Amino acid sequence: MTELIMTHDNADFDAVAAELAAHKLMPGSLPVLPQRTNRNVRHFMALYWDELPFVPFKDLSKDPVDRIMIVDTQTLQTPRGMHEGTSVVVVDHHAQREGLDPSWQVTIEETGAVTTALVERIRQEYLPLTGVEATLLLLGIYEDTGSLTYATTTPRDAYAAAWLLEQGALLDVVQEFLQHAL
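Please read all numbers here as calculations on a predicted model, not as lab measurements.

Per the secondary structure count, the protein chain includes six helices and six strands. In the protein chain, the succession of α and β elements from N to C terminus is β-α-β-α-β-β-β-β-α-α-α-α. Relative to a compact globule of 182 residues, whose C-alpha radius of gyration would be 16 Å, the protein chain shows 16 Å and is just as compact. If one aligns the C-alpha atoms of the protein chain with their principal axes, the spans along those axes are about 45 × 35 × 35 Å. Residue burial in the protein chain is summarised as follows: out of 182 residues, 52% are buried. Within the protein chain, contacts between residues separated by at least 24 positions form 60% of all contacts whose residues are at least 6 apart in sequence. Summed over all atoms, the accessible surface of the protein chain reaches about 9000 Å², with 50% contributed by carbon and sulfur. Within the protein chain, one finds 12 positive and 26 negative side-chain charges whose respective centroids are separated by 5 Å.

Ranked by size, the top nonpolar core spans 44 residues in total, and within it Phe 44, Leu 136, Leu 137 and Leu 164 carry the most contacts. At the level of secondary structure, the elements contributing two or more residues to this core comprise helix H1 (13–25), helix H2 (39–48), strand S4 (67–71), strand S5 (87–92), helix H3 (114–124), helix H4 (131–145), helix H5 (155–166) and helix H6 (171–178). Sort the elements by how many residues they give to this core and H1 lands first, with nine residues. Look past the residues within four positions of Leu 164 in its chain and what remains in contact with it is Val 119, Leu 129, Ala 134, Leu 137, Leu 138, Ile 141 and Ala 169. Core analysis: the next-biggest nonpolar cluster, separate from the first, contains 14 residues, Leu 4, Met 6, Val 55 and Leu 76 among them.

Pairing is parallel in the open sheet, where six strands are placed in the order S3-S2-S1-S4-S5-S6. Strands at the two margins of the open sheet, each flanked by one partner only, are strand S3 (55–56) and strand S6 (105–108).

Note on placement: His 43 falls in helix H2. Of the residues examined, His 43 reaches a relative accessible area of 41% and is grouped as partly exposed. Residues His 43 and Phe 177, spaced 134 residues apart in sequence, show a C-alpha to C-alpha distance of 8.2 Å.

What follows concerns the packing of H1 against H3. Where H1 meets H3, the axes come as close as 8 Å, and the angle between the chain directions of the two elements is 20°. Classified by the angle between their axes, H1 and H3 sit roughly parallel to one another. You can see that H1 and H3 cross each other, and the crossing is left-handed. Facing Asp 14, Ala 17, Ala 18, Ala 21, Ala 22, Lys 24 and Leu 25 of H1, the residues of H3 in contact are Val 114, Thr 115, Leu 118, Arg 121 and Ile 122.

Calculation notes
Residues numbered from 1 in each chain as written. Predicted model: local features only at pLDDT ≥ 70, side-chain atom pairs only at ≥ 80, totals over all residues. Heavy atoms only, no water. Helix = DSSP H or I, 4+ residues; strand = E, 2+ residues; numbered from the N terminus. Rg over C-alpha atoms; globule rule 2.2 N^0.38 Å. Buried < 20%, exposed > 50% of the residue type's maximum accessible area, 1.4 Å probe, protein only. Contact = heavy atoms within 4.5 Å. Areas by Shrake-Rupley, 256 points an atom, 1.4 Å probe, with all protein chains shown as cover. Lys, Arg positive; Asp, Glu negative; His and termini not counted. Charge placed at Lys NZ, Arg CZ, Asp CG, Glu CD. Core = buried A, V, L, I, M, F, W, Y, C linked by side-chain atoms within 4.5 Å. Pairing = 2+ DSSP bridges. Axes fitted to C-alpha atoms, helices over the stretch in contact; angles between N-to-C directions. Parallel < 35°, antiparallel > 145°, perpendicular 65-115°, else oblique. Left-handed = near helix turned anticlockwise from the far one by under 90°.

Here's what the structure looks like:
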């Protein structure tokens, strides 16, 4: 059974971190790195690629895909191997779009970052994280919440961020990748 985790093109840290979090919850699934990511995400991935489970979109096989989870978006980038029977699960934190396929299972979380909702599940299931994983997850939360300062930030985001620090997330790495010179 092939399960993919996907997100939007021009992916930011919240999108990629949410893919990692979903993979932690569904270890047999393949988190697919989109063809285009933000510059800071590309730099992070170049440094830590060997420590993360991502598969480039271009390297997907043509094997039939049974299930796709899309995170941080409600738009599906159709992969090879998708067929009529492929089930689609959406986990997002943006307002639900009109006209989504009624067969899709959609969960909209009221959080500043979609990564937050998935980190909560990781915590509830007592799943271990490496320092690199915790740092990427924290990057996702911090980027989409303005380091917990945006009006859309919720207490859930702050609790998830604190827990990730307990798991070994490195704030100096977070600062390095979120503070780019113009």
